[in-house]
Amino acid sequence: MSIEPVSNNTHERLATRLRELRSRAGLSLEALALKSGVSRSNISLVERGESSPTAVVLDKLSSALGVSVASLFEAGGTHRPSSPLARVAEQPVWQDPASGYRRRNVSPPGVSPIQLVDVIFPAGQKVQFETAARDADIHQQLWMIDGVMEIAHGESRWRLEAGDCLAFRLDAPVQFHNPGDQAARYLVALTGASTWR
């Protein structure tokens, strides 16, 4: 089970895209900090490409901006037509510095309302997303490829094994936990008005 290494280009892409989305929303650093619960200094460091935010921070920022986390990794600052093809070498890879989980945005950006994300989640790790209220109605399906994951969505709990698929809306706190002794791999499909530019 392998995934391409994280590159500096991913941090630069995230920085550019975050600035672009914040500007598009008409939010100052202070306003985004207030809306997201992420400190102004932390947002500033991410926007300058000087800090790699955790998955929890990315979730708070995406929620405040009304987009999916996957949207934060789309190429920003470009106005050329998007290609319907996303070559693997061009797909941004990001790793959560807290849990070590890695995600690769598979989908070509801006050409479809569906986003696909390939995730490798280390054994024994857990990530808790507390944000529940979003301006956008985002639906997610998680298809297990390998390993085991335990998903908590609001009051509901599921254990997923290879081949299982779970569908839910991003409208309640979500916890991802790999209780196994090997890395888990799964594909996430997201759709919603704000996942498509």
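Before reading on, note that the structure itself is shown above.
Presented here is an overview of the structure given in this document. (Residues numbered from 1 in each chain as written. Predicted model: local features only at pLDDT ≥ 70, side-chain atom pairs only at ≥ 80, totals over all residues. Heavy atoms only, no water.)

**A word on helix α3 (residues 40-47)**
Logical step 1: Those residues of α3 that fall on the buried side of the exposure criterion are Ile-43, Ser-44, Val-46 and Glu-47. Along the long axis of α3, the arc covered by the buried residues comes to 160°, so they all point the same way.
Logical step 2: Downstream of α3 by one or two residues, Gly-49 has phi in the positive range, about 75°. (Buried < 20%, exposed > 50% of the residue type's maximum accessible area, 1.4 Å probe, protein only. Helix = DSSP H or I, 4+ residues; strand = E, 2+ residues; numbered from the N terminus. Arc of directions from axis to C-beta.)

**Quick word on the pairing of strand β5 (residues 139-146)**
Logical step 1: Note that β5 and strand β8 (residues 165-169) share five bridges and pair antiparallel. Among the inter-strand pairings, Gln-141 is bridged to a residue of β8, identified as Ala-167.
Logical step 2: Pairing geometry for β5 and strand β10 (residues 184-191), over seven bridges, is antiparallel. By the bridge assignment for β10, Asp-146 is matched with Arg-185. (Pairing = 2+ DSSP bridges.)

**A few points about helix α4 (residues 55-65)**
Logical step 1: The element α4 is largely enclosed, with a buried count of nine among its 11 residues.
Logical step 2: Listed as buried for α4 are Ala-55, Val-57, Leu-58, Asp-59, Leu-61, Ser-62, Ser-63, Ala-64 and Leu-65.
Logical step 3: Taken from the residues just after α4, Gly-66 is the one with a positive phi, measuring 75°.

**Structural notes on the packing of aromatic side chains**
Logical step 1: Summed over the entire model, instances satisfying the criterion amount to five aromatic pairs.
Logical step 2: Centre to centre, the rings of Trp-94 and Tyr-101 are 5.9 Å apart; their planes meet at 80°, and the pair counts as edge-to-face.
Logical step 3: Accessibility expressed as a relative area gives 1% for Trp-94, which makes it buried.
Logical step 4: Ring geometry for Phe-176 and Tyr-186: centres 6.4 Å apart, planes at 5°, overall stacked. Placement of the pair is Phe-176 in strand β9 (residues 174-177) and Tyr-186 in strand β10, with a sequence separation of 10 residues. In this structure, Phe-176 and Tyr-186 share a single accessibility class: buried.
Logical step 5: Among the aromatic residues, those joined into a cluster by ring pairs are Phe-73, Trp-94, Tyr-101 and Phe-121. (Phe/Tyr/Trp six-rings, centres within 6.5 Å; stacked < 30°, edge-to-face > 60°.)

**Topic: the pattern of salt bridges**
Logical step 1: Within this structure, the stated rule accounts for 12 salt bridges.
Logical step 2: Measuring nitrogen to oxygen at the nearest pair gives 2.6 Å for the salt bridge that ties Arg-22 to Glu-47. Of this pair, Arg-22 sits in helix α1 (residues 8-24) while Glu-47 is found in helix α3, placing the two residues 25 residues apart along the sequence. As far as the burial class goes, Arg-22 and Glu-47 line up, both buried.
Logical step 3: A salt bridge links Asp-171 to Arg-169; the shortest N-O distance between them is 3.6 Å. (Salt bridge = Lys/Arg side-chain N within 4 Å of Asp/Glu carboxyl O.)

**Quick notes on the sheet that holds strand β6 (residues 148-153)**
Logical step 1: With antiparallel pairing, four strands are arranged side by side in an open sheet as β4-β9-β6-β7. Each edge of the open sheet is held by one strand with a lone partner, namely β4 (126-129) and β7 (156-161). Within this sheet the neighbouring strands show an average axis-to-axis angle of 10°, counted without direction.
Logical step 2: In the sheet, β6 pairs with β9 via four bridges, with the strands oriented antiparallel. Across the sheet, the residue bridging to Ala-152 is Gln-175, located in β9. (Axes fitted to C-alpha atoms, helices over the stretch in contact; angles between N-to-C directions.)

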